[in-house]
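Breakdown of the fold
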Amino acid sequence: MIVTKETKTGLLLSAPATLYVLLLIAAPVALTIAYSFWTQDFVEVRREFTWANYAEVFSDPLYRTLIFRSVRIAAMVTFLTVLLAYPIAYYIAFNVKKSKALWLFLVTIPFWTSYLLRVFSWKIVLAQNGVVNSALLSLGIIDAPLDTLLYNSEAVVVTLAHAWAPFAILPIFVSLEKIDRSLLEASKDLGEGPVRSFLRVTLPLSIPGIVGACLIIFIPTVGDYVTPALVGGSDGAMVANMIQVQFGKANNWPLGSALALSAVVCVTIAACIVVGALKLLERSLK
Amino acid sequence: MDTPIAVNIADVSKSFGQFEAVKNVDLQLKQGEFFSLLGPSGCGKSTLLRMIAGFEDPTEGSITIDGREMKGIEANHRPTNMVFQSYAIFPHLNVEENIVFGLARSGLNKGEKRAKANEMLEKVGLAGLGRRGAHELSGGQRQRVALARALVLEPKVLLLDEPMSALDKKLREQMQMELRALQRSVGITFLMVTHDQHEAMTISDRCGVMFGGKLAQVDAPEILYQAPRTKQVADFIGGMNFIEGQIGAHEGGSLEIDLPVFGKVSVDEHGVSERAGAPITIGLRPERIHVEKNRPEGADVFAEAEVVDRAFYGETIHYYLALNGRKDPIIASITNFERREHFEIGEKVWSGFRGAAAVALPQD
């Protein structure tokens, strides 16, 4: 290979990024893969190849339940967030005329406080002596505070749907904003009312934004462990909480690694299903 | 028997806040004619078109299409279809799906829709391209799809909003002739908005010229060109020389006008009713001015002039002629035919014209 000056400069410029990716992403992933095939022998790790960890992950109903629950919760969070974000994005794109930037700025306000604080504030809202309960009590709708609001998977869904809202609003807004307004006039001109124009023109053209929003929300939600740890209780615990336990208290890194990688595979499959479903929706709208 | 009226626009005005976009327009479109609304940008022609389509409501006045009052009828329920300036081809649909978009509630089954689409594709010269994606189309093809999509619904009136502005010159000229032929073959009333006078003149049966929200003149292209009613219309359509003079006398349908340099000339009255002594402007097309080495024979009036500039256009040559006592030169357009004598800058020539070639324009 002839090394020209340009190649040298190129290599030099990309070196920090390459090094970063190798050290902080490739190496840990490789290590995780390696660990997942080893065995924890009390304090020591036996470095012999085995499928035992994966066998345990897929045979133990506990782990299976956790992975399925994680995917289910993530799917619900994604669905709820996109459903709630779409009207807001639609409103900003089509009905806000002058101050779009201000509206987008307002959408990002929740990000000004830390993620942890936002999760904690939901604890205040949903707790036994929290905002919702005291409001219902003082309105006389209930006699005793509800204890079903917090520490379950629904609490996790509500909290995350709120936390992710801007991540859904922004990509959907961008895809709606890009739609040429004359297309909507054309649809009306060709005989379609507002509802059918939305279904036949606006919605299909905003699918790329919906796909983006779904992936951005679904993937990190499956692996989230802060929110389930704080508001999920035992009923709302997810796979990431178990992975944390394996790497921490249980001190079983190989099993934790196998769990983590299994979760990655499940997320990939589930994400493909989500994208495929949206593509089908797009085709059926034609 | 008179041709029935397709669209009747009666005393229509439209205001956007303080701004009056369209002022008291009265206009009738005849069934099956090709009508163009012509005017500079911002003259209100697009607003008028959008009111007919149902995208804007008139502030005052009424629009009836095919005898039906359109007040309160939304665009999706009107017997009009539109070809948008951007063509507005649905990017997520292919050509055929675009064309049958409006047939969704026609009750036709898939096969019937496809047959209709193919028939339209044939008509607009896109046969066999039904499967093409919207993004694979050239500008001219997009326009044809937009036409097919609108015409397949057999509207009473087809509205075209600057349909040629996105095409290059050669394609534009080709599409103009095709559009004309298509209109004749489908027999639907076409209403086109354009700022291009050549386009309007080449393809329309009649044109309406708009300025500042008002309809200045409605006539066939030939009349619009040869007998503009106002100075504005005369100036907007084609090249025009304006010469100021004074009314000498009215004499049974013609007008004797005193012009500086040229002297007295008799011009058609053309609705000018001002009395003798009033100032008047006459309009003179560049190609109606004679330029000759010697005193011209065929002209009613003539004057000596000096060539101050010339511009070569191929089929014609424009001479800029300075006349005594006139600030701006007058422009004469001479056909560049064989053995034509040419003049150089600085050359002394004779210029003249016939009274019948001039048009009297009332003071604005």
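Reading the values: the criteria
Residues numbered from 1 in each chain as written. Chains lettered and ligands numbered in written order. Predicted model: local features only at pLDDT ≥ 70, side-chain atom pairs only at ≥ 80, totals over all residues. Heavy atoms only, no water. Helix = DSSP H or I, 4+ residues; strand = E, 2+ residues; numbered from the N terminus. Rg over C-alpha atoms; globule rule 2.2 N^0.38 Å. Buried < 20%, exposed > 50% of the residue type's maximum accessible area, 1.4 Å probe, protein only. Contact = heavy atoms within 4.5 Å. Areas by Shrake-Rupley, 256 points an atom, 1.4 Å probe, with all protein chains shown as cover. Lys, Arg positive; Asp, Glu negative; His and termini not counted. Charge placed at Lys NZ, Arg CZ, Asp CG, Glu CD. Patch = residues over 30% accessible without salt bridge, like charges linked within 9 Å, V, L, I, M, F, W, Y side chains within 5 Å. Salt bridge = Lys/Arg side-chain N within 4 Å of Asp/Glu carboxyl O. Disulfide = S-S within 2.5 Å. Buried area = accessible area lost by both parts, 1.4 Å probe. Polar contact = N/O pair within 3.5 Å; in protein donor to acceptor, adjacent residues only side chain to side chain. Nonpolar A, V, L, I, M, F, W, Y, C, P; charged D, E, K, R; others polar. Domains from an automatic or database assignment. 1 Å grid on protein atoms, 1.4 Å probe; cavity = no way out; pocket = protein on both sides within 12 Å on 5 of 7 lines; lining within 4 Å. Points joined across faces, edges and corners; volume = space filled by probe spheres on them. Core = buried A, V, L, I, M, F, W, Y, C linked by side-chain atoms within 4.5 Å. Phe/Tyr/Trp six-rings, centres within 6.5 Å; stacked < 30°, edge-to-face > 60°. Lys NZ or Arg CZ within 6 Å of the ring centre and 35° of its normal. pLDDT = per-residue confidence, 0-100.

This part is about the overall build of chain A. Each helix and strand in chain A was counted, giving 12 helices and 2 strands. Secondary structure elements of chain A, listed N to C terminal, follow the sequence α-β-β-α-α-α-α-α-α-α-α-α-α-α. Relative to the globule expectation of 19 Å for 286 residues, the C-alpha radius of gyration of chain A, 24 Å, shows a markedly less compact shape. Principal axes of the C-alpha set define a box for chain A whose edges measure 75 × 70 × 35 Å. Buried residues in chain A amount to 39% of all 286 residues. In chain A, 68% of the contacts between residues at least 6 apart in sequence involve partners at least 24 apart. When the accessible surface of chain A is totalled, it reaches about 15900 Å², and 72% of it is carbon and sulfur. When the 21 basic and 17 acidic side-chain charges of chain A are each reduced to a single mean position, those positions are 9 Å apart.

On to a nonpolar patch on the surface, then. All names here are of chain A. The grouping of Tyr-91, Leu-102, Trp-103, Phe-105, Leu-106, Ile-109, Phe-111, Trp-112, Phe-167 and Ile-216 at the surface amounts to a nonpolar patch, some 930 Å² of accessible area in total. When residues of the nonpolar patch are assigned to their parent elements, the largest contribution, 4 residues, is made by helix α4 (residues 100-107). In this fold, Phe-167 is placed in helix α7 (residues 153-177). The partly exposed category is assigned to Phe-167, whose relative accessible area is 31%.

What follows concerns the state of the cysteines. Counted according to the given criterion, the structure contains 0 disulfides over all chains. There is no disulfide at Cys-266 of chain A, and the cysteine sulfur nearest it, in Cys-272 of chain A, is 12 Å away. Free of any disulfide, Cys-43 of chain B has its nearest cysteine sulfur in Cys-207 of chain B, 13 Å distant.

To continue, consider the interface of chain A and chain B. Listed per partner, the contact involves 18 residues of chain A and 23 residues of chain B. In total, about 2000 Å² of surface goes out of reach between chain A and chain B, with carbon and sulfur atoms giving 59% of it. On the chain A side of the contact with chain B, Lys-188, Asp-189 and Leu-190 of chain A bury the most area, a combined 35% of that side's loss. Here chain A and chain B share 3 salt bridges between them. In this structure, the salt-bridge partner of Glu-74 of chain B is Lys-188 of chain A, at a minimum N-O distance of 2.6 Å. For the pair chain A and chain B, the interface holds 10 residue pairs in polar contact (both at pLDDT 80 or more). Secondary-structure elements contributing two or more residues to the side of chain A that touches chain B are α8 (181-189) and α9 (194-222) of chain A. No other element matches α8 of chain A, which puts 7 residues into the side of chain A that touches chain B. Partitioned by chemical class, the residues of the side of chain A that touches chain B number 6 nonpolar, 4 polar and 8 charged.

Now for the domain arrangement of chain B. Residues and elements named next belong to chain B. When the domains of chain B are assigned, the result is domain 1 (5-235) and domain 2 (239-355). A separation of 39 Å is found between the C-alpha centroids of domain 1 and domain 2. Each side of the interface is counted separately: domain 1 has 9 residues, and domain 2 has 8 residues. Between domain 1 and domain 2, roughly 730 Å² of surface is buried when both sides are summed, and carbon and sulfur atoms account for 51% of that area. Where domain 1 touches domain 2, the interface holds 0 salt bridges. Where domain 1 touches domain 2, the interface holds 3 residue pairs in polar contact (both at pLDDT 80 or more). Classifying every residue of the side of domain 1 that touches domain 2 gives 5 nonpolar, 1 polar and 3 charged.

By volume, the largest pocket amounts to about 510 Å³. Partitioning the lining of the largest pocket into residue classes produces 8 nonpolar, 4 polar and 6 charged. What lines the second largest pocket is a set of 15 residues, among which Lys-286 of chain A together with Glu-96, Glu-97, Val-100 and Lys-110 of chain B lie closest to the centre. Secondary structure elements with two or more residues in the lining of the second largest pocket: α2 (95-99) and α3 (110-123) of chain B. The greatest single-element share of the lining of the second largest pocket, amounting to 4 residues, is contributed by α3 of chain B. Residues that form the lining of the second largest pocket fall into these classes: 5 nonpolar, 2 polar and 8 charged.

Counting 77 residues, the largest nonpolar core has Ile-9, Leu-48, Ile-63 and Leu-191 of chain B as its most contacted members. At 10 residues, the largest contribution of residues to this core is made by α7 of chain A. Setting aside residues up to four positions removed in sequence, Leu-48 of chain B forms contacts with Ile-9, Val-12, Val-22, Val-25, Leu-37 and Met-210 of chain B.

Looking now at the environment of Glu-256 of chain B. All names here are of chain B. Considering the arrangement of structural elements, one finds Glu-256 in strand β12 (residues 254-259). Assessed through its relative accessible area of 24%, Glu-256 is described here as partly exposed. For the pair Glu-256 and Glu-244, spaced 12 residues apart in sequence, the C-alpha separation works out to 13 Å. Setting aside anything within four residues of it in sequence, one finds Glu-256 in contact with Gln-246, Ile-247, Gly-248, Ala-249, Glu-251, Lys-264, Val-265 and Ser-266.

Scanning the model with the defined rule gives 22 aromatic pairs over all chains in all. Aromatic side chains Trp-164 of chain A and Phe-167 of chain A sit 5.4 Å apart centroid to centroid with 65° between the ring planes, which places their arrangement in the edge-to-face category. Of the two residues, Trp-164 of chain A and Phe-167 of chain A are both situated in helix α7; the distance of 3 residues between them amounts to about one turn of the helix. Members of the aromatic cluster, joined through ring pairs, are Tyr-35, Trp-38, Phe-247 and Trp-253 of chain A. The ring centre of Phe-90 of chain B lies 4.9 Å from the NZ or CZ of Arg-149 of chain B, which sits over that ring. Here the basic side chain of Lys-231 of chain B rests over the ring of Phe-242 of chain B, its NZ or CZ set 5.3 Å away from the ring centre.

Time to look at the confidence of the model for chain A. Residues of chain A with pLDDT of at least 70 account for 99%, and the chain-wide mean is 90. The weakest mean pLDDT in chain A belongs to strand β2 (residues 44-46) of chain A at 83; the strongest belongs to α8 of chain A at 96.

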